[in-house]
Amino acid sequence: MKEFSVVIAGGGSTYTPGIVMMLLDNLDRFPIKQLTLYDNDADRQNVLGESLDILLKEQAPDITFHYTTDPEKAFTGADFCFAHIRVGKYDMREKDEKIPLKHGVVGQETCGPGGVAYGMRSIGPMVELIDLMEQYSPDCWMLNYSNPAAIIAEACRILRPNSKVLNICDMPVGTLRRMSQIIDKQPNDLEVRYFGLNHFGWWTSVKDKEGHEYLPQIRDYVAENGYLTQIEVDTQHMDQSWQDTHKKAKDLLAVDPRFLPNTYLKYYFYPDYEVEHSDADYTRANEVIDGREQEVFSTARTIIENETAAGSGFSIGSHATFIVDLARAIAFNTHERMLMIVENNGAIANFDDDAMVEVPCIIGSDGPETLSQGKIPEFERALMYQQVTVEKLAVEAYIEGSYQKFWQALTLSKTVPSAAVAKNVLDDLIEANQEYWPEFK
Ligand code: NAD
Ligand code: G6P
Ligand code: MN
């Protein structure tokens, strides 16, 4: 089998060790000859790089491993770039969450004003990353899961329409795993139909390979428990706040019991509840800083101190096997069926062609082909149109440096109660993002 050269952009990410472990676990399906971490923060990446160097020498000595901040070294000869950068890091995530909350508005990494703020920071560096990849390895594919994926995908559509960038999210993968537990199946046994935008969608069917429909059975369970299951496996979504989110799906289902909702809809259906149940002084960013970040970096430091990964290793990010499935689909033309963020072009029959939507696709060596999801009901269509317009206005505002369009984007967000509130939040966000944003006039 061919062996691949992979670069992980955002090498200092808390997800990097889990993904490296997952790659090691899948070498028989996706052989790797060279693995490189690339980041623009050497200090952060060095800790993970040094520890993974020790671990890889012990567990996979045949893989050539580097970590670097030099794009030429990182991207030359790469077949795949797995991208998970966080522009502004947790410092800025904290502001994205806390500034809207101060104004009584949902404070969230990818939804509402915080998500748009994160988008405005990410468009420039993501485009730069794509250009670097193309400069040094024109045939390389980027599998991007950097957030906010909806805004990044729209920005790629406009600014880099011909680039080999695939945008994907792990939330549908994680929720499908929960659904499979509810009906005592394996995720691989199931095939779904789904429509929506990133972090904004609905399952319309969950069938096994023989064609048996499980949606009614799953719905009965979700109506009582949300997606909270008894068999809790080790995923990145085990913290209390995420358990609350899985549970809240029960109230999302109640709004339209025909379909199974994506958990992120809670920020749009119940923003008042969300604000009431948030602590403006301690948000998800703080939980992650005190939890996942602490754990990953202290494990890394222990490995460095002990000069061995024996007995103190990282755990496998098993949820992330979808990244290998996607890379394999491109590399070996497997025609894997996966949910992807792609240009609609008729996949949702009664929705705009030029909207970036999340739908099932068949993926082969030329990339994804969308599967038709037919017409969707007016309720969901209207919600999606409002949200996709927020995302489009945000990208237009970025390109034109337009304060007016930025203000309109926030005013239109279902999470924001009025134009006045939108303006106050925007002005505070501008102040906080001076280092990262273009000037908005
Ligand atoms: P993190 O802050 O731990 O890691 C991000 C890394 O990116 C940091 O080391 C940072 O220095 C680096 N970085 C920032 N700008 C960069 C640039 N221009 N070039 C190179 N490196 C850069 O963040 P995290 O919590 O581990 O998350 C990483 C990303 O993955 C986030 O965008 C997060 O939202 C995303 N994510 C997406 C999904 C999904 O479903 N799509 C799932 C999980 C995480
Ligand atoms: C899910 C979403 C990602 C998001 C992550 C946040 O996996 O699909 O897009 O980045 O949750 O998780 P966190 O643990 O950082 O709050
Ligand atoms: Mn996601």
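Rules behind the numbers
- Residues numbered from 1 in each chain as written.
- Chains lettered and ligands numbered in written order.
- Predicted model: local features only at pLDDT ≥ 70, side-chain atom pairs only at ≥ 80, totals over all residues.
- Heavy atoms only, no water.
- UniProt positions renumbered as here; feature names shortened; annotations may be inferred.
- Core = buried A, V, L, I, M, F, W, Y, C linked by side-chain atoms within 4.5 Å.
- Buried < 20%, exposed > 50% of the residue type's maximum accessible area, 1.4 Å probe, protein only.
- Helix = DSSP H or I, 4+ residues; strand = E, 2+ residues; numbered from the N terminus.
- Contact = heavy atoms within 4.5 Å.
- Donors = N, O, S within 2.8 Å, 3.2 Å for Na, K, Ca; no water.
- Pairing = 2+ DSSP bridges.
- Right-handed = clockwise from strand over helix to strand, strands pointing away.
- Near = heavy atom within 4 Å.
- Polar contact = N/O pair within 3.5 Å; in protein donor to acceptor, adjacent residues only side chain to side chain.
- Areas by Shrake-Rupley, 256 points an atom, 1.4 Å probe, with all protein chains shown as cover.
- Nonpolar A, V, L, I, M, F, W, Y, C, P; charged D, E, K, R; others polar.
- Phe/Tyr/Trp six-rings, centres within 6.5 Å; stacked < 30°, edge-to-face > 60°.
- Axes fitted to C-alpha atoms, helices over the stretch in contact; angles between N-to-C directions.
- 1 Å grid on protein atoms, 1.4 Å probe; cavity = no way out; pocket = protein on both sides within 12 Å on 5 of 7 lines; lining within 4 Å.

Going by what an unreviewed UniProt entry lists, the protein is known as 6-phospho-alpha-glucosidase and is assigned to Lentibacillus salicampi. In its Sequence similarities (unreviewed entry) section, the UniProt record describing the protein reads: "Belongs to the glycosyl hydrolase 4 family."

Can you walk me through the nonpolar core in this structure?
Soluble globular proteins tend to bury their nonpolar side chains together. Judged by nonpolar contacts, the single largest core of 74 residues is most densely connected at F30, L35, F80 and F82. Counting residues per element, this core draws most heavily on helix α13 (residues 321-332), which supplies seven residues. Those residues within four positions of F80 in sequence are excluded, and the remaining contacts are F4, S5, V6, V7, F30, C140, W141, L143, A327, I330 and A331. If you look at the next biggest cluster of nonpolar residues, it comprises 26 residues, including V127, Y403, F406 and F440.

Can you help me understand the coordination of the manganese ion (ligand 3) in this one?
Every protein donor of the manganese ion (ligand 3) is listed here as C169 (SG) and H199 (NE2), and their distances to the metal cover 2.2 to 2.4 Å. On the criterion of sequence distance, the pair formed by C169 in the loop between β6 (165-167) and α7 (171-182) and H199 in the loop between β7 (190-197) and β8 (200-208) is long-range, its members being 30 residues apart. As far as burial versus exposure is concerned, C169 and H199 are alike and both buried.

What am I meant to see in the pairing of strand β2 (residues 32-38) here?
Each regular strand displays side chains that alternate between the two surfaces of the sheet. Of all the seven residues making up β2, five are buried; the element is thus mostly covered by neighbouring parts of the structure. As paired elements, strand β1 (residues 4-9) and β2 share six bridges and run parallel to each other. Looking at the pairing, V7 lines up with T36 of β2. On the question of chirality, the crossover connecting β1 to the parallel β2 by way of helix α1 (residues 16-25) is right-handed. Crossover connection from β2 via helix α2 (residues 42-59) to parallel strand β3 (residues 64-68): handedness right-handed.

Hey, could you run me through the site of ligand 2 in this one?
Around ligand 2 there are 15 residues in total, and R93, N147, D170, R284 and R292 lie nearest to it. One of the side-chain N or O atoms of N147 is found 2.7 Å from an oxygen atom in ligand 2. Within the side chain of R284, one N or O atom sits 2.6 Å away from an oxygen atom of ligand 2. Burial of ligand 2 by the protein chains amounts to 93% of its free accessible area of 390 Å². The residue makeup of the shell around ligand 2, split by class, is six nonpolar, four polar and five charged.

What am I meant to see in the packing of aromatic side chains here?
In total, this model carries 18 aromatic pairs according to the counting rule given. When the ring of F4 is compared with that of F332, the centres are 5.6 Å apart and the planes differ by 75°; the resulting orientation is edge-to-face. In this pair, F4 is assigned in strand β1 and F332 in helix α13, connecting sequence segments 328 residues apart. By relative accessible area, which is 29% here, F332 ends up partly exposed. Where F65 meets Y67, the ring centres are 6.1 Å apart and the plane angle is 40°; that geometry is what we call tilted. F65 sits in the buried class, given a relative accessible area of 11%. The class of Y67 is partly exposed, set by a relative accessible area of 27%.

Could you clarify how one ought to interpret the environment of R337 in this entry?
The topology assignment puts R337 in strand β10 (residues 336-343). Taking the C-alpha atoms as reference points, R337 and H237, separated by 100 residues in sequence, lie 24 Å from one another. Beyond its immediate sequence surroundings of up to four residues, R337 is in contact with E191, V192, R193, P360, C361, I362 and L371. A polar contact is formed between the side chain of R337 and the backbone oxygen of V192, at a distance of 2.8 Å.

Help me out: how do you make sense of the side chain of D325 in this one?
If you trace the backbone, D325 turns up in helix α13. D325 has contacts with R29, E336 and M338, leaving out every residue within four places of it along the chain.

Whenever I open this one, the sheet that holds strand β9 (residues 260-261) confuses me. Can you help?
Spatially, β7-β8-β9 is the arrangement adopted by the three strands of the open sheet, whose pairing is antiparallel. Of all the strands in the sheet, just β7 and β9 have a single pairing partner and so form its edges. Lying on the sheet, helix α8 (residues 215-225) is in contact with β8 and β9; it crosses β8 at an angle near 125°.

Where do I start with the site of ligand 1 in this structure?
Of all residues adjacent to ligand 1, which total 25 residues, the nearest are S13, T14, D39, Y90 and Y118. Y145 is positioned such that a nitrogen or oxygen atom in its backbone is 3.0 Å from a nitrogen atom of ligand 1. In this structure, D170 approaches ligand 1 through a main-chain N or O atom, which is 2.8 Å from an oxygen atom. Expressed as a share of its isolated accessible area of 860 Å², the protein-covered part of ligand 1 is 95%. Broken down by secondary-structure element, the contributors of at least two residues to the shell around ligand 1 are α4 (89-102) and α5 (112-136). For the shell around ligand 1, the per-class residue count stands at nine nonpolar, eight polar and eight charged.

What's the story with the UniProt feature "binding site: Mn(2+)" (unreviewed entry) in the protein in this structure? I'm lost.
The sites that UniProt annotates as "binding site: Mn(2+)" (unreviewed entry) are C169 and H199. Of the residues just listed, which span 31 residues, no C-alpha pair is farther apart than 8.2 Å, and they cluster in one region. The subset of the named residues that lines the second largest pocket consists of C169. Aside from chain neighbours lying at most four places away, what touches C169 is N198, H199, I341 and E358. For H199, a relative accessible area of 6% puts it in the buried group. Not counting the four nearest positions on each side in its chain, H199 is found in contact with T110, N147, C169, N262, Y264, Y268 and E358. Of note is the side chain of H199, whose polar atom sits 2.9 Å from the side chain of T110.

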